[in-house]
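Here are the chains, one letter per residue:
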Amino acid sequence: MNAPAGLDFASIPERIQSEVQRAIQRSIKGVEYFSTSGPTLGSTPKDVLHSRGTMSLYHYRPMSDEIYRVPVLIVMATTNRGYILDLVPGQSFIEFLLKRGYDVYMLDWSAPRPEEKSLRMEDYVLDFIPDCVRRVQADSGEQDVSVIGYCFGGVLSLLYGSIHKDGPMKNLICFTTPIDFREMKLFSNFSDRRYFDVDHLVDSVGNVPPEMILSSFEMLRPASRTVSQIQLWENIWNDEFVKSYRMFDRWATDTLPLAGEYFRTITKDLMWDNKLFNDTMSVGGRAAKLENITVPILHAVAEHDHIVPYDAAKHLIAKIGSADKEEVMLKGGHVSLVAGANAVKRLWPKLDSWLGKRST
Amino acid sequence: MTDKTNDPVAMWQKMMGEMEKGFNSFANQAMSSPEFSQALNRAGGVAAGAQKQLGELMEKYLVAMHLPSREQVTALAERLQSIEAQVSEMKSMLSQIAASSGIPQSLDAAPRPPRTKRPPSENGGQT
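This is a predicted model, so every value here is computed, not measured.

A. Summary view of the overall build of chain B. Helices and strands together make up the secondary structure of chain B, namely 3 helices and 0 strands. N-terminal to C-terminal, the α/β element order of chain B is α-α-α. Taken over 127 residues, chain B has a buried fraction of 5%.

In structure tokens, the structure reads:
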């Protein structure tokens, strides 16, 4: 009988030996997995500059002898924790920025308390962000501030920038930021106004529970969680794989609740009426048109983003009023665009080369 | 080197990848229907109503047990939050005063680096 093309019989004993060794390692490492807590995340040295309810403003300690004049304020998405941008040394976006000479601040969120269910979009766009910008200005002694918004943090940054068109935002960088909510097809269907009674939900539960937010993310790729657990078992002998799995899994499941009134506005104004895309969005009675933004802007989108599909993000650059604007599409998904081994090679250097020359 | 087309482990991994894609795609198609949205939201509405009723029942139980009510705990939390905010404001003001008068803000506070950095292209490629 002939060997099938490409099958190397000589390598079979070696392969069997390797698989047996991996099976033994799996058993040993499997026990280790459940008895250890995984890597410490978000450990870049920082100071809490201000904290108020759900909002925290951090200042990261500089890691460079000389820093750019313009400080950077990162606005995190309200559904997730900011440590995705500060995983572990060598895979921390924050650490990368600090080593490249940026003065970095982050507006991060903790779970809104039950009494914060009445926080509205106005509180986020007209209070929290401007308050943090003022504190960054005071702490750094600089008037100009560059803003980086991730996912829905990008939407909040866009709303802030479109209302505060006279500054002090000097540059705006958005990562995977949706503006056309009709194109978030599944989210759009989950919140179909004919069947989704957002008033009943918010009036019943107050803040929208994190389990509901997590389920809606996981429903976008229902098989992926099971497959990733199978992959974990296959690769449990590989310390690097396990470390990476634990970092991302911990972050992905560490979802935050959303303040009820804020969620009501997101559903009605953005998901149902698509007001940001239609130029009819207003926050606290103040028009928030994207054409009002005239500062330099970079929008980074991911080729395989299943949470914010490209169709939901692609019109941002066209609708912005800036002359200096650029969209960059990079390989990766919604999270791997900004964090992990691929981001180190792709997004971060691109951002540095774009922002450095605009930060003096 | 083993050819990947005949490597059972590689074949298994490829099969898992294909199954994942296929199932996700199938499920996404099913979840795009109005019927799915209707069923999902009907179940969600019932769950939200049940959660509200359970919350009300728990509150009555706590009152019956002479335990502090939710409002009382919340009022305490708000007072604590207000004190925290005031301390934070005072700390911030002290830092500003210290900074403007040249006093080091704490024993381990390193001086801030100068804001003179130029992009690498202007420095002849240095980073």
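B. Region of interest: the overall build of chain A. The secondary structure content of chain A amounts to 14 helices and 10 strands. The globule rule puts the C-alpha radius of gyration for 360 residues at 21 Å, and the 22 Å found for chain A is close to it. Taking the principal axes of the C-alpha coordinates as reference, chain A spans close to 80 × 55 × 40 Å. Long-range contacts, defined here as pairs at least 24 residues apart, represent 81% of the contacts in chain A between residues at least 6 apart.

C. Spatial organisation of the environment of K185 of chain A. Structurally, K185 of chain A can be placed in helix 5 (residues 185–190). Taking the C-alpha atoms as reference, K185 of chain A lies 9.8 Å from D311 of chain A; in sequence the two are 126 residues apart.

D. The packing of helix 8 (residues 224–234) of chain A against helix 1 (residues 8–31) of chain B, seen in detail. Relative to each other, helix 8 of chain A and helix 1 of chain B sit at 165°, their axes nearing to 10 Å. In terms of orientation, helix 8 of chain A lies roughly antiparallel with respect to helix 1 of chain B. For helix 8 of chain A against helix 1 of chain B, the interelement crossing comes out right-handed. Listed contacts from helix 1 of chain B to S224, V227 and I230 of chain A of helix 8 of chain A are M16, E20 and N24 of chain B.

E. Focus on the sheet that holds strand 10 (residues 325–330) of chain A. Residue and element names in this part refer to chain A. The 8 strands lie next to each other as 1-2-4-3-5-6-9-10, forming an open sheet whose pairing is mixed. Looking at strand neighbours, the two that pair on one side only are strand 1 (46–52) and strand 10, the edges of this open sheet. Here the average twist between neighbouring strands, direction ignored, is 20°.

F. How the structure looks around unusual backbone geometry. Residue and element names in this part refer to chain A. The peptide bond linking G167 to P168 adopts the cis configuration, its omega dihedral lying at 10°. The backbone of N274 sits at a positive phi, close to 50°, despite the residue not being glycine. Residue position: N274 is located in the loop between helix 10 (260–272) and strand 7 (282–283). Located in the positive-phi region is D279, a residue other than glycine, with phi close to 60°. By the secondary structure assignment, D279 is in the loop between helix 10 and strand 7.

G. Structural view of the domain arrangement of chain B. According to the domain assignment, chain B contains domain 1 (9–67) and domain 2 (68–98). A C-alpha centroid distance of 37 Å is found between domain 1 of chain B and domain 2 of chain B.

H. Structural context of helix 6 (residues 198–205) of chain A. Buried within helix 6 of chain A we find V198, L201, V202 and V205 of chain A. End-on view of helix 6 of chain A: buried residues confined to an arc of 90°, all on one side of the axis. Residues of helix 6 of chain A that are buried in the fold lie against helix 10 of chain A together with helix 2 (34–64) of chain B. G206 of chain A, located one to two residues past helix 6 of chain A, shows a positive phi value of around 75°.

I. Structural detail: the nonpolar core. Residues and elements named next belong to chain A. Residues L73, I74, V104, L107, I129 and V338 are the most contacted members of the largest nonpolar core, which totals 108 residues. Among the elements that make up this core, the one with the highest residue count is helix 3 (residues 121–140) (8 residues). Setting aside residues up to four positions removed in sequence, I129 forms contacts with V75, L107, Y124, L156 and Y160.

J. Inspection of the interface of chain A and chain B at higher detail. Each partner contributes to the interface: chain A provides 43 residues, whereas chain B provides 41 residues. Among the secondary structure elements, those contributing two or more residues to the side of chain A that touches chain B are strand 1, helix 5, helix 6 and helix 8 of chain A. In terms of residue class, the side of chain A that touches chain B is built from 17 nonpolar, 13 polar and 13 charged.

K. The arrangement of the pairing of strand 1 of chain A in detail. Residue and element names in this part refer to chain A. Pairing analysis gives 6 bridges linking strand 1 to strand 2 (residues 55–60), with the strands arranged antiparallel. Among the inter-strand pairings, K46 is bridged to a residue of strand 2, identified as Y60. The antiparallel hairpin formed by strand 1 and strand 2 contains 2 residues in its connecting segment, where G53 sits at a positive phi of about 60°.

L. Representation of the confidence of the model for chain B within the structure. Residue and element names in this part refer to chain B. Overall, the predicted model of chain B reaches an average pLDDT of 74, with 82% of residues at or above 70. The least confident element of chain B, judged by mean pLDDT, is helix 2 at 74; the most confident is helix 1 at 79. Complex prediction metrics read pTM 0.80 and ipTM 0.71.

M. Structural view of the environment of L67 of chain B. Structurally, L67 of chain B can be placed in the loop between helix 2 and helix 3 (70–100). The class of L67 of chain B is exposed, set by 10 C-beta atoms lying within 10 Å.

N. The arrangement of the confidence of the model for chain A in detail. For chain A, per-residue confidence averages 88 on the pLDDT scale, and residues scoring 70 or more make up 97% of the total. The least confident element of chain A, judged by mean pLDDT, is helix 1 (residues 12–35) of chain A at 74; the most confident is strand 3 (residues 72–75) of chain A at 97.

So, how was this worked out
- Each chain carries its own residue numbering, running from 1 in the written order of its sequence.
- The lettering of chains begins at A and the numbering of ligands begins at 1, in the order of writing.
- Selection of residues for local features in this predicted model requires a pLDDT of at least 70, selection of side-chain atom pairs for listing and counting requires 80 or more, and totals for whole chains, interfaces and linings are taken over all residues.
- For helices the rule is a DSSP run of H or I covering at least 4 residues; for strands it is a run of E covering at least 2, with both sets numbered from the N terminus onward.
- As a rule, residues whose C-beta atom has 12 or fewer other C-beta atoms within 10 Å are exposed, those with 20 or more are buried, and those in between are partly exposed; C-beta atoms are placed from the backbone.
- Each radius of gyration is computed over the set of C-alpha atoms, and the globule rule expresses the reference value as 2.2 Å times the number of residues to the power 0.38.
- Residue pairs qualify as contacts under a 7 Å threshold applied to their C-beta atoms, which are placed from the backbone.
- Where helices are involved, their axes are fitted lines through C-alpha atoms of the stretch in contact, as for all axes, and angles between N-to-C directions lie from 0 to 180°.
- Roughly parallel means an angle under 35 degrees; roughly antiparallel means over 145; roughly perpendicular covers 65 to 115; every other angle is labelled oblique.
- Working rule for handedness: look at the near helix, and if it is turned counterclockwise from the far one by less than a right angle, call the crossing left-handed; if clockwise, right-handed.
- We treat two strands as partners when DSSP finds at least two bridges between them.
- Domain start and stop positions are those given by an automatic or database domain assignment.
- Here the arc refers to the set of directions running from the helix axis out to each C-beta atom.
- Note on definitions: a nonpolar core is a set of buried residues drawn from Ala, Val, Leu, Ile, Met, Phe, Trp, Tyr and Cys, linked by C-beta atoms within 7 Å.
- Side-chain classes are defined by residue name, with Ala, Val, Leu, Ile, Met, Phe, Trp, Tyr, Cys and Pro counting as nonpolar, Asp, Glu, Lys and Arg as charged, and the others, Gly among them, as polar.
- The predictor attaches a confidence to each residue, and that confidence, scored 0 to 100, is pLDDT.

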